[in-house]
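So the chains spell out like this:
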Amino acid sequence: PPRHSQLRSRGPVACVPSPGLFAVPMGASVSKPAEVKPKKICCACPITKLARDACLPENGEEKCRYLIEAHLRCLRDEGFEV
């Protein structure tokens, strides 16, 4: 196998699971998942939140508008009405 230093990046790589990765054997019972608690808005979208929070004190709202909008879009995608 190639060494780490010999590996070359060929652009973005998507992690796609194998088709049978989540398959359940025939005859096996599938239990219902435990009740999922809804996310709290403070804990949703940590990456966009950190980027926004790091930008604002140094650059102000005007220059960080794109990060604010990205965070709001992420929150909406998570089901929050903002």
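Residues numbered from 1 in each chain as written. Predicted model: local features only at pLDDT ≥ 70, side-chain atom pairs only at ≥ 80, totals over all residues. Heavy atoms only, no water.

A.B. asks: I tried to follow the pattern of salt bridges on my own but got confused; where do I start?
C.D. replies: Charged atoms that come close allow side chains of opposite charge to pair. Per the stated rule, a full pass over the model turns up 4 salt bridges. Note that aspartate 53 and arginine 52 form a salt bridge whose closest N and O atoms lie 2.7 Å from each other. With a relative accessible area of 35%, aspartate 53 lands in the partly exposed category. Between arginine 65 and glutamate 61 there is a salt bridge, and its shortest N-O distance comes to 2.5 Å. (Salt bridge = Lys/Arg side-chain N within 4 Å of Asp/Glu carboxyl O. Buried < 20%, exposed > 50% of the residue type's maximum accessible area, 1.4 Å probe, protein only.)

A.B. asks: Teacher, can you tell me more about the side chain of histidine 71 here?
C.D. replies: The topology assignment puts histidine 71 in helix H2 (residues 65–77). With residues near it in sequence (within four places) discarded, histidine 71 still touches Ala44, Cys45, Thr48, Lys49 and Arg52. (Helix = DSSP H or I, 4+ residues; strand = E, 2+ residues; numbered from the N terminus. Contact = heavy atoms within 4.5 Å.)

A.B. asks: Explanation requested: the state of the cysteines in the structure shown.
C.D. replies: Applying the stated criterion to the full structure yields 2 disulfides. Covalently, cysteine 55 is tied to cysteine 64 through a disulfide, its sulfur atoms 1.9 Å apart. Note on the cysteine 55 and cysteine 64 pair: the S-S dihedral is about -85°, so by sign convention the disulfide is left-handed. Taking relative accessible area as the criterion, cysteine 55 reaches 9% and is therefore assigned buried. A relative accessible area of 0% means that cysteine 64 is categorised as buried. Disulfide partners in the protein chain, listed by the sequence order of the bonded cysteines, are 1-4, 2-3. Free cysteine: cysteine 42, not disulfide-bonded; nearest cysteine sulfur from cysteine 43 at 3.5 Å. (Disulfide = S-S within 2.5 Å.)

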